[in-house]
Amino acid sequence: MRKAFIICLVAAMAFSSCQNKQKEEELRQAQAMAEASREELADAVADRDQLLNLVNGITEDMQQIKSLENILTVSNSSGETPQQRNQIRQDIAAIQQTLQERRQKLEELEKKLANSNLSNSSLQKTITSLRAQIDSQTEEIASLKSNLDQAKAQIGTLDAAVDSLNTTVNTVVAERDSTDAANAQLANELNTCYYAIGNKGELKENKIIETGFLRKTKIMKSDFNEKFFTVADKRTLTSLDLNSDKAEILTNQPADSYRIIEANGHKVLQITNPAQFWSLTNYLVIKID
């Protein structure tokens, strides 16, 4: 009888021990599940925060893109410096790089949430919306880059046109200056005149006149001394002080185009009509005694 009691007691103790071990295992599993849930919850919160950061970042990207659009609009209307164009190009490249990084991050979050028990339709809608915004911004920044490239091409065309125009203007200016110089030279030549004043002996010595007994005076044969003449300008030569009390014009200037007056005891030639005075010859010979 006692032996049977001992056997029952041992069996009861063994059963109780098994129950304790089972409870301990269940408790351990519950703790493990709770720990796993906390980690998953922390991961989900972290993923949510990353999604919020993406939302904020994409909003900032939109503002930067709008700012670049405004800058390009102003630059295209008022012109821009090479430094400004380079800065805009660098900003566009930076935004493109940022959008690519955000797209990759969004794909990673989408995969994590798909494997998570916390994934729901609201988060999926947020991801879909963010992807659509990134795609839209990518298209806008590509359009901005295209506009900038077109503006650069147009500026290059305009620069070439300006260079060509400058070359044309320089050529025209050079031709005009050359023409002006030629016209000035021609005008000077047309208005160049020569006069010689001397007594009979001086004029004969320089072969400007030839005289003889009972022979009419001849003026300026081909071998006369040109150095005896003074070069003058018809436009400015209006009078000559002859420094003599006698004077006679030997060349054939029209008589009504000049007059010889007395001034301070000697003769002075006054040309009253220069065009008429020089109409027959560019040479003037005056004999004084």
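Just so it is clear, the structure is predicted and the values come from calculations on it, not from any experiment.

Here the focus is the overall build of the protein. Each helix and strand counted, the protein has five helices and nine strands in total. Looking at the protein as a whole, 24% of its 289 residues qualify as buried. For the protein, long-range pairs separated by at least 24 residues make up 71% of all intrachain contacts whose partners lie at least 6 apart in sequence. Total accessible area on the protein stands at roughly 19,500 Å², and carbon and sulfur atoms take up 53% of it.

Counted under the stated rule, the structure contains six salt bridges. With its nearest N and O atoms 3.1 Å apart, the salt bridge here joins D177 to R176. Owing to a relative accessible area of 38%, D177 belongs among the partly exposed residues under this scheme. Using a relative accessible area of 46% as the deciding quantity, one classes R176 as partly exposed. One salt bridge in this structure joins K207 and D223, with 3.7 Å as the shortest N-O distance. A residue pair is termed long-range when its members are at least 10 positions apart, and K207 in the loop between α4 (200-205) and β2 (209-212) and D223 in the loop between β3 (215-219) and β4 (230-233) qualify at 16 residues. A relative accessible area of 44% places K207 in the partly exposed class. Connected through shared salt-bridge partners, R176, D177 and D180 make up one network.

What counts, and where the lines are drawn
Numbering of residues starts from 1 in each chain and follows the order in which that chain's sequence is written. Where local features are concerned, this predicted model is filtered to residues with pLDDT of at least 70; where side-chain atom pairs are given and counted, the filter is 80 or more; whole-chain, interface and lining totals use all residues. Only heavy atoms go into the side-chain values, all of them from the structure, while hydrogens and water stay out. Secondary structure elements follow DSSP: runs of H or I no shorter than four residues count as helices, runs of E no shorter than two count as strands, and numbering proceeds from the N terminus. Here the term buried applies to any residue with accessible area under 20% of the maximum for its type, exposed to any over 50%, and partly exposed to those in between, with areas from a 1.4 Å probe on protein chains only. Here, residues are in contact when the closest pair of their heavy atoms is within 4.5 Å. Residue burial considers only the protein chains on display, and all accessible areas are found by Shrake-Rupley using a 1.4 Å probe. The salt bridge criterion pairs a side-chain nitrogen of Lys or Arg with a carboxyl oxygen of Asp or Glu, the two atoms within 4 Å.

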